[in-house]
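# A structural walkthrough
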Amino acid sequence: MELIASFSVDHTKIVPGIFVSREDNVGDSMVTTYDIRVTRPNREPAIDVAAMHTLEHIIATFLRNDTDWKDDIIYWGPMGCLTGFYLILKGNRSPKDIYGLILKAFESVKSAESVPGATPENCGHYLMHNLEMAKWYAAKFANYLISNSENDEIFLYPKTERLIMDDNQKFYDS
Ligand SMILES: [Zn+2]
């Protein structure tokens, strides 16, 4: 069941942060998709694609091994626009409830000595990684989360009416 069908996000007003993208009932359970927005869309450079790929590997590995959270992690992956990540979790926690997890995940990048799974057996483009740049983006975002922890803007998306295209299809980016 779709709970937030008629509104989408106004990308001109987004700041980096942790946001609910959608909530769905799957069988008897709730599943929540979060946007983990790392850069400000169309206002600052998107994340370097190799660094994005490295952040995908390191943080997915972190989340799926975290003993407190791993059973609730359904999916972690990059946005096509390279401004952030999608996280899908079991349950319907608020963005503030996962603040600690996201902060821990991005802080974990600092201590990575190599990129997990950067081999031809484990990855579809194993040469396209950049660990040092991934650390730079991760540290920047972690510092941002810390200094904005009391700022509600980083937890609540600015909404706009969903785009209807000429052929009457509704627009979705995920
Ligand atoms: Zn890969």
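A quick note: this is a predicted structure, and the numbers were derived from the prediction, not measured. The residue count restarts for each chain, going from 1 along the sequence in the order it is written. Predicted model: local features are reported for residues with pLDDT of at least 70 only, side-chain atom pairs are reported and counted for 80 or more only, and whole-chain, interface and lining totals are derived from all residues. With hydrogens and water set aside, each side-chain value is computed from the structure's full complement of heavy atoms.

### Some details on the coordination of the zinc ion
Under perfect tetrahedral coordination by four donors, a metal shows angles of 109.5 degrees; under perfect octahedral coordination by six donors, it shows angles of 90 or 180 degrees. Within the protein, the atoms that donate to the zinc ion are His53 (NE2), His57 (NE2) and Cys123 (SG), at distances of 2.1 to 2.3 Å. Read N to C, the donor residues that coordinate the zinc ion are spaced as H-x3-H-x65-C. Separated by four residues within a single helix, histidine 53 and histidine 57 lie in helix H1 (residues 49-65), roughly one turn from each other. In this pair, the class of histidine 53 matches that of histidine 57, namely buried. Coordinating N, O and S atoms are those within 2.8 Å of the metal (3.2 Å for Na, K and Ca), and as water is not part of the atoms, a site may appear to have fewer donors than expected. Under the scheme used here, helices are H or I runs from DSSP no shorter than 4 residues and strands are E runs no shorter than 2 residues, and both carry numbers assigned from the N terminus. Three labels apply to residues, based on accessible area from a 1.4 Å probe with only protein chains included: buried if under 20% of the type maximum, exposed if over 50%, partly exposed otherwise in between.

### Some points on the pattern of salt bridges
Salt bridge, as used here, is a side-chain nitrogen of Lys or Arg placed within 4 Å of a carboxyl oxygen of Asp or Glu. Under the criterion given, the structure shown has seven salt bridges. A salt bridge links aspartate 24 to arginine 22, with the shortest nitrogen-to-oxygen separation between them at 2.6 Å. Overall, arginine 22 belongs to the partly exposed group, its relative accessible area being 23%.

### Some remarks on the pairing of strand E4 (residues 73-78)
At least two bridges found by DSSP between two strands is the condition for calling them paired. Bridge count between E4 and strand E5 (residues 84-90): five bridges; the pairing is antiparallel. Across the sheet, the residue bridging to proline 78 is phenylalanine 85, located in E5. The loop that links E4 with its antiparallel partner E5 comprises five residues; one of these, leucine 82, has a positive phi angle of about 60 degrees.

### Re the sheet that holds strand E3 (residues 29-37)
Sheet strands line up and pair through hydrogen bonds in the backbone, either parallel or antiparallel. With respect to topology, four strands assemble into an open sheet ordered E2-E3-E5-E4, the strand pairing being antiparallel. Both edges of this open sheet fall to strand E2 (17-26) and E4, since each of them pairs with a single strand only. On average, adjacent strands in this sheet sit at an angle of 15 degrees to one another, irrespective of strand direction. Should any heavy atoms of two residues lie within 4.5 Å, those residues are counted as being in contact. Structural elements are reduced to axes, namely lines fitted to C-alpha atoms, with helices fitted over the stretch in contact, and the angle between N-to-C directions of any two is expressed from 0 to 180 degrees. Here H1 sits on the sheet and contacts E4 and E5; the angle it forms with E4, its principal contact strand, is near 170 degrees.

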